[in-house]
Amino acid sequence: IPALQRRAARWYVTQQEYARALELLRACDDHAGMQDVLQHCAEHWIRQGQLDVLVEWVSQLPEEGVLQQSDIAFPFIAGLLFSRRFNQATYFLAEMTRLQQQGDLRGRYADPDALQFLHGVLELFQRDTDFMNNPLYRAGATLSRHHDLRLFYRAMRAYHCLLNADYANATVEAQRAKDFLR
């Protein structure tokens, strides 16, 4: 039966029915298969605003497997941040940073830019008044080689300006983010 469940899970992935694929893989206790599916769908779920679904599924995997694969860990930590689960996000971010420094982090987000971005988001949400003093606030959009991260730095600056009732600059930064999408 596990082989049949894995085959059905692959079909559900082609149909973008990721939760069903993950349910089948969980039923046959295939953590490696679940990691593969989550690498494929994590960013899709974030873009769709399904943060709780992402966090729920990633939480069912062994922690070490999640942390060593940045393609899962990065969206997971972003999901925790945007769900305002700062304590969990802080823990996983510290562990991911430790693995990156040891050279044990793999995947597309294994570089320091991605970790610096997550630290900046955490700082923005936890200590928004200190965010302007962070070098990310001024140079973040040029630091990262990831297109999505550069875009988000602009939106972070717009959000920060809005929080501080600086509507003129919030509008300018939001327009820059919109222009960056083009």
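Procedures and definitions
- Residues numbered from 1 in each chain as written.
- Predicted model: local features only at pLDDT ≥ 70, side-chain atom pairs only at ≥ 80, totals over all residues.
- Heavy atoms only, no water.
- Helix = DSSP H or I, 4+ residues; strand = E, 2+ residues; numbered from the N terminus.
- Buried < 20%, exposed > 50% of the residue type's maximum accessible area, 1.4 Å probe, protein only.
- Contact = heavy atoms within 4.5 Å.
- Areas by Shrake-Rupley, 256 points an atom, 1.4 Å probe, with all protein chains shown as cover.
- Arc of directions from axis to C-beta.
- Phe/Tyr/Trp six-rings, centres within 6.5 Å; stacked < 30°, edge-to-face > 60°.
- Expected span 1.5 Å × (residues − 1).

K.L.:
Summarise the overall build of the chain; cite the residues concerned and give the values.
P.N.:
When helices and strands are tallied, the chain shows 11 helices and 0 strands. In sequence order, the secondary structure elements of the chain are arranged as α-α-α-α-α-α-α-α-α-α-α. Residue burial in the chain is summarised as follows: out of 182 residues, 44% are buried. Pairs at least 24 apart in sequence give 55% of the contacts found in the chain among residues at least 6 apart. In the structure as shown, the chain presents an accessible area of about 9,800 Å², 50% of it carried by carbon and sulfur atoms.

K.L.:
A description of helix α4 (residues 51-58) should follow, citing residues and the corresponding values.
P.N.:
Regarding α4, the residues found buried are Leu51, Leu54, Val55, Trp57 and Val58. Take α4 and look down its axis: the buried residues cluster within an arc of 170°, on one side only. Along its buried surface, α4 packs onto α2 (18-27), α3 (31-47), α5 (63-68) and α6 (70-82).

K.L.:
Help me get a handle on the packing of aromatic side chains, residues and values and all.
P.N.:
Inspection of the entire model under this criterion finds 6 aromatic pairs. Note on tyrosine 18 and tryptophan 45: the rings are 6.1 Å apart at their centroids and 80° apart in plane angle, and the pair reads as edge-to-face. With tyrosine 18 in helix α2 and tryptophan 45 in helix α3, this pair connects stretches of sequence that are 27 residues apart. An aromatic cluster is present here, built from Phe74, Tyr109 and Phe117 joined pairwise through their rings.

K.L.:
I'd like a description of α6, backed by residues and values.
P.N.:
Taking 1.5 Å of rise per residue, 13 residues should cover 18 Å, and α6 covers 18 Å from first to last C-alpha, within 8% of that figure. α6 sits mainly inside the fold: 11 of its 13 residues count as buried. Where α6 is concerned, the buried positions are Ser70, Ile72, Ala73, Phe74, Pro75, Phe76, Ile77, Ala78, Gly79, Leu80 and Leu81. Of the residues flanking the end of α6, it is arginine 84, one or two places downstream, whose phi is positive at about 65°.

K.L.:
So what's going on with the environment of glycine 120? Which residues, and what values?
P.N.:
Within the secondary structure layout, glycine 120 lies in helix α8 (residues 112-126). Between the C-alpha atom of glycine 120 and that of methionine 156, which follows or precedes it by 36 residues, the distance is 9.0 Å.

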